[in-house]
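# Notes for the structure review
This is what each chain is made of:
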Amino acid sequence: MMNNMELSTETGLIGVQIPVSMITSPSVSTFLAEEEASMCPLLPATPSPPPMDFIHPLTPSTGIEENLTDVADDGQAETSSSSGSSSGICMDIPVAGTTTLYNNKNVYQNLGNNNETFQENGTKQYASLNIQITNDTPGFVHWNWPLIRKCSFFFFISGVVAMAGMVVMMILSLPKSCNPKTAWYKGTVFYEIFPASFQDLNDDGIGDLMGLSARIGYLHSLGVGVVRLNSIFPSKHYPDHFQNVTTLMDIDEVLGGKKELKVVADSLHAKNMSLVLDLPIYPLIRELSEPQDPNSIENNKTVAVLSTDDDSVDDDAILKALKLWISLGVDGFYIKGLENYYDDPYLLENVGLWKKTIGSNRILIVSKTLFDRVDPNTANELTRSVDLVDVYLDISQGSEKVAAEIKSTIQGVLEPGDGPYIQWSLSGVSQRRTSELSPNTTLAATLMELMLPGSPSIFYGDEVALQSAHDPLGDHSDTKHLHHLSTMEWNTTHQFTGRKTLPWLPRGAAVSFENIDDVADMISLREASPSIYQNVIRKSSKPERNTSVKITRHDVLILERWYPRRRSFVSITNFSNRKLSLDLSSMFYSGEIAIGKLKGERVLFSDFEIGPTETIIVRLDK
């Protein structure tokens, strides 16, 4: 059979019972009218209806539809359907409350206050939650939920604020830089002092240890990390003949005593600085003694007695001195004159024993002259026990020879890597001052030295280009060999001493105080730049060199230093007496002057100008 829509109405065709409304009323919409499809239906004030049974329109009829009755009152809203009941999908819902809600347009039942209850059909309910209150209702229903929400919100915000504060504190506590660390002596700037010429506190005309202690603030402001004292030991007519010491177990009385040295060591340590002593063993020690067998019974007894600080034990003189000064706070020793024992059969054994005695946290320094005199095998063995090797650079030889000395040192047995660090020196108690060439030469050489890989050493006064003592009348000709040890000049009202005349040197050497700012800035730059204070790059099993030494035809020495993920630096040193204009564009393009008269200015290396006896440090762009 076919209806007016030409649809077959035979139930056998689809196997289900089709509702009559779908056949007889095709024009009636199967959806709610606009009023009935409101997006914001109001909640009823009656209990929630039971779950609705969904009846699919294609499901065979069970007769339930015929049993549903309309419960709308006189205010029932009209529908858009022309029939008395809707035949749309899921519209035949036998719920009186719902029908009333849909049909009463102007009757609104709003939610009550949060904790308001009311009675509905004899059952107590919460208006806000629409929950029936019975004896089986959980206790949390009676809780003060508004207060709980407020407290939860407060604690949540407090937790967020606390975590944000912790993050901010962690960020503020992070180090400003993440530079690789080294041992305290590696890459650190040393400051070498001849104590008799540094500061006189008791006004006897000779410097002393307490005077040195009073100037530690100056050394700290300069930026040095290690103070190295030359000879402090007793000698006949100290300081005139300071090299000829009589013992290694005491301090010359004009300098002070062991108590004063302890004060110096403690004061330096308080400033995070270290103390190193020169230990002049030659010519005091005729030959090196044979180290005792550590497995022998006699040696075991000796060690046991030494642990009680009994000086009556016949121990090696150098070992006794090392133990004594270590107990007073000394952090390392420069064994002066060891090169004179280069052919001693017990050289290696003694150096190894000295290093074992002072420990890994203290340092042992020797001169490069020792490495030059021993055979290659012995030199390789010495590198296992030595921490620093002192290398003297004679600037008076010119740029070409200085460059050659630097290259041979860093490419030879002392090549930077796992062996000892190099300590560079330009002046010292046994060498003349660079200021004898010119004050500008001292500044240029010092800045160049501070660019080298290793641990540079500044001789006291070189930071202000202190010159040798001036004695035009020859009043102090008998101490001419000490004139390079002129007394320190200070840019303060308090000078070296309160005496008008000195008993052993002419007074008043020339200085250039304007140099000190460049030296202090260069030390600070070095300390903050791994490209400079690191002597190698350790990216693989074999350390890689991070220093390039070049010399130009104009007698200009160029040092380039670099490090991964860090800015590179180059120093250009002109040791000649004329101003130069150079084209260095084949090596570098541009950069910023880090140390020099035009600090902070940009430079192009295609037309680079440098004055006579000048060093310029440039931070490269590449």
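Criteria and thresholds
Residues numbered from 1 in each chain as written. Predicted model: local features only at pLDDT ≥ 70, side-chain atom pairs only at ≥ 80, totals over all residues. Heavy atoms only, no water. Helix = DSSP H or I, 4+ residues; strand = E, 2+ residues; numbered from the N terminus. Buried < 20%, exposed > 50% of the residue type's maximum accessible area, 1.4 Å probe, protein only. Areas by Shrake-Rupley, 256 points an atom, 1.4 Å probe, with all protein chains shown as cover. 1 Å grid on protein atoms, 1.4 Å probe; cavity = no way out; pocket = protein on both sides within 12 Å on 5 of 7 lines; lining within 4 Å. Points joined across faces, edges and corners; volume = space filled by probe spheres on them. Nonpolar A, V, L, I, M, F, W, Y, C, P; charged D, E, K, R; others polar. Axes fitted to C-alpha atoms, helices over the stretch in contact; angles between N-to-C directions. Parallel < 35°, antiparallel > 145°, perpendicular 65-115°, else oblique. Contact = heavy atoms within 4.5 Å. Core = buried A, V, L, I, M, F, W, Y, C linked by side-chain atoms within 4.5 Å. Patch = residues over 30% accessible without salt bridge, like charges linked within 9 Å, V, L, I, M, F, W, Y side chains within 5 Å. Salt bridge = Lys/Arg side-chain N within 4 Å of Asp/Glu carboxyl O. Phe/Tyr/Trp six-rings, centres within 6.5 Å; stacked < 30°, edge-to-face > 60°. Lys NZ or Arg CZ within 6 Å of the ring centre and 35° of its normal. Polar contact = N/O pair within 3.5 Å; in protein donor to acceptor, adjacent residues only side chain to side chain. Expected span 1.5 Å × (residues − 1). Arc of directions from axis to C-beta. pLDDT = per-residue confidence, 0-100. Left-handed = near helix turned anticlockwise from the far one by under 90°.

The subject of this paragraph is the overall build of the chain. Scanning the chain from terminus to terminus reveals 17 helices and 21 strands. Here the chain holds 622 residues, and the buried ones make up 44% of them. Looking at the chain as shown, the accessible area adds up to about 33500 Å², and 53% of this sits on carbon and sulfur atoms.

A few words on empty space enclosed by the protein. Considering all chains together, one arrives at 2 cavities of 30 Å³ or more under this definition. What the largest cavity holds in volume is close to 50 Å³. Tyr392, Asp394, Ile395, Ser396, Leu426, Arg432, Arg433, Thr434 and Leu437 together form the lining of the largest cavity. A class-by-class count of the residues in the lining of the largest cavity yields 4 nonpolar, 2 polar and 3 charged.

Relative orientation and spacing of two packed helices are given, respectively, by the angle between their axes and the distance between those axes. Running from N to C, helix 15 (residues 439–449) and helix 16 (residues 515–528) cross one another at 5 degrees; their axes reach a closest spacing of 10 Å. Relative to helix 16, the element helix 15 is oriented roughly parallel. Within the contact between the two elements, helix 15 uses Pro439, Leu443, Thr446 and Leu447 and helix 16 uses Asn515, Asp518, Val519 and Met522. Here the contact of helix 15 with helix 16 is composed, by residue class, of 5 nonpolar, 2 polar and 1 charged.

Let us look at the nonpolar core. Side chains of nonpolar character tend, in soluble globular proteins, to be buried together. Core analysis: the largest hydrophobic core is formed by 107 residues, its most contacted members being Tyr191, Leu261 and Trp325. The element contributing the most residues to this core is helix 10 (residues 317–327), with 7 residues. Leu580, Leu582, Ile593 and Val603 belong to the second-largest nonpolar core, a separate cluster that totals 16 residues.

A contiguous nonpolar surface patch, about 610 Å² in accessible area, is contributed by Phe153, Phe156, Ile157, Val160, Val161 and Met163. Relative to the helices and strands, isoleucine 157 resides in helix 5 (residues 145–173). Judged by relative accessible area, which is 35%, isoleucine 157 ranks as partly exposed.

Looking now at the packing of aromatic side chains. Using the criterion set out here, one finds 14 aromatic pairs in the structure. Seen in terms of ring centroids, tyrosine 191 and phenylalanine 198 are 6.2 Å apart; in terms of plane orientation they differ by 70 degrees. Their pairing is edge-to-face. Relative to tryptophan 504, the ring of phenylalanine 194 has its centre 6.4 Å away and its plane inclined at 50 degrees; by these criteria the two rings are tilted. With phenylalanine 194 in the loop between strand 4 (190–193) and helix 6 (209–214) and tryptophan 504 in the loop between strand 11 (457–459) and helix 16, this residue pair connects regions lying 310 residues apart in the sequence. Both residues of the pair, phenylalanine 194 and tryptophan 504, count as buried. Members of the aromatic cluster, joined through ring pairs, are Tyr191, Phe198, Tyr218, Phe459, Tyr460 and Trp490. Above the face of the tryptophan 490 ring, arginine 215 is positioned so that its terminal group lies 3.9 Å from the ring centre.

A few words on the pattern of salt bridges. With the rule as written, the count across this model stands at 18 salt bridges. Here arginine 228 ties to glutamate 192 by a salt bridge, and the two come within 3.5 Å at their closest N and O atoms. Residue arginine 228 is located in strand 5 (residues 226–229), and its partner glutamate 192 is located in strand 4; the two are separated by 36 residues in the primary sequence. Here the salt bridges do not stand alone but share partners, grouping Glu192, Arg228, Asp278 and Lys336 into one network.

To continue, consider helix 15. Most of helix 15 sits inside the fold, with 9 of its 11 residues counted as buried. Taken together, the buried positions of helix 15 are Thr441, Thr442, Leu443, Ala444, Ala445, Thr446, Leu447, Met448 and Glu449.

Next up on the list: the side chain of asparagine 230. Tracing the backbone through its elements, the reader meets asparagine 230 in the loop between strand 5 and helix 8 (258–270). Of the polar contacts made by the side chain of asparagine 230, one reaches the side chain of aspartate 278; its length is 3.0 Å. Leaving out residues up to four positions away in the same chain, asparagine 230 has contacts with Glu192, Ile193, Phe194, Pro195, Asp278, Val429 and Phe459.

Okay, helix 14 (residues 399–410) next. Over its 12 residues, helix 14 runs 17 Å from end to end, which matches the ideal 16 Å to within 8%, given 1.5 Å per residue. When helix 14 is considered as a whole, its buried residues turn out to be Ser399, Val402, Ala403, Ile406, Thr409 and Ile410. Mapping the buried residues of helix 14 onto a view down its axis gives an arc of 130 degrees, with all of them on the same face. Along helix 14, exposed side chains directed more than 90 degrees from the buried face belong to Glu400 and Lys401.

The next subject is the confidence of the model for the chain. Close inspection of predicted coordinates is inappropriate in any region flagged by low pLDDT. Residues at a pLDDT of 70 or more form 75% of the chain, whose mean pLDDT is 81. Overall, residues 61–112 carries pLDDT values under 50, and its contacts beyond four positions in sequence, including any with other chains, amount to 49 contacts. Contacts for the low-pLDDT stretch residues 295–314, under 50 throughout, to residues beyond four places or in other chains number 14 contacts.

The subject of this paragraph is the packing of helix 10 against helix 11 (residues 347–358). Direction vectors running N to C along helix 10 and helix 11 enclose 20 degrees, while the axes themselves pass 10 Å from each other. Compared by their axis directions, helix 10 and helix 11 come out roughly parallel. In the packing of helix 10 onto helix 11, the handedness of the crossing is right-handed. Seen from helix 10, the contacting residues are Ile318, Leu319, Leu322, Lys323 and Ile326; seen from helix 11, they are Leu353, Trp354, Thr357 and Ile358. Among the residues making up the contact of helix 10 with helix 11, the classes are represented as 7 nonpolar, 1 polar and 1 charged.

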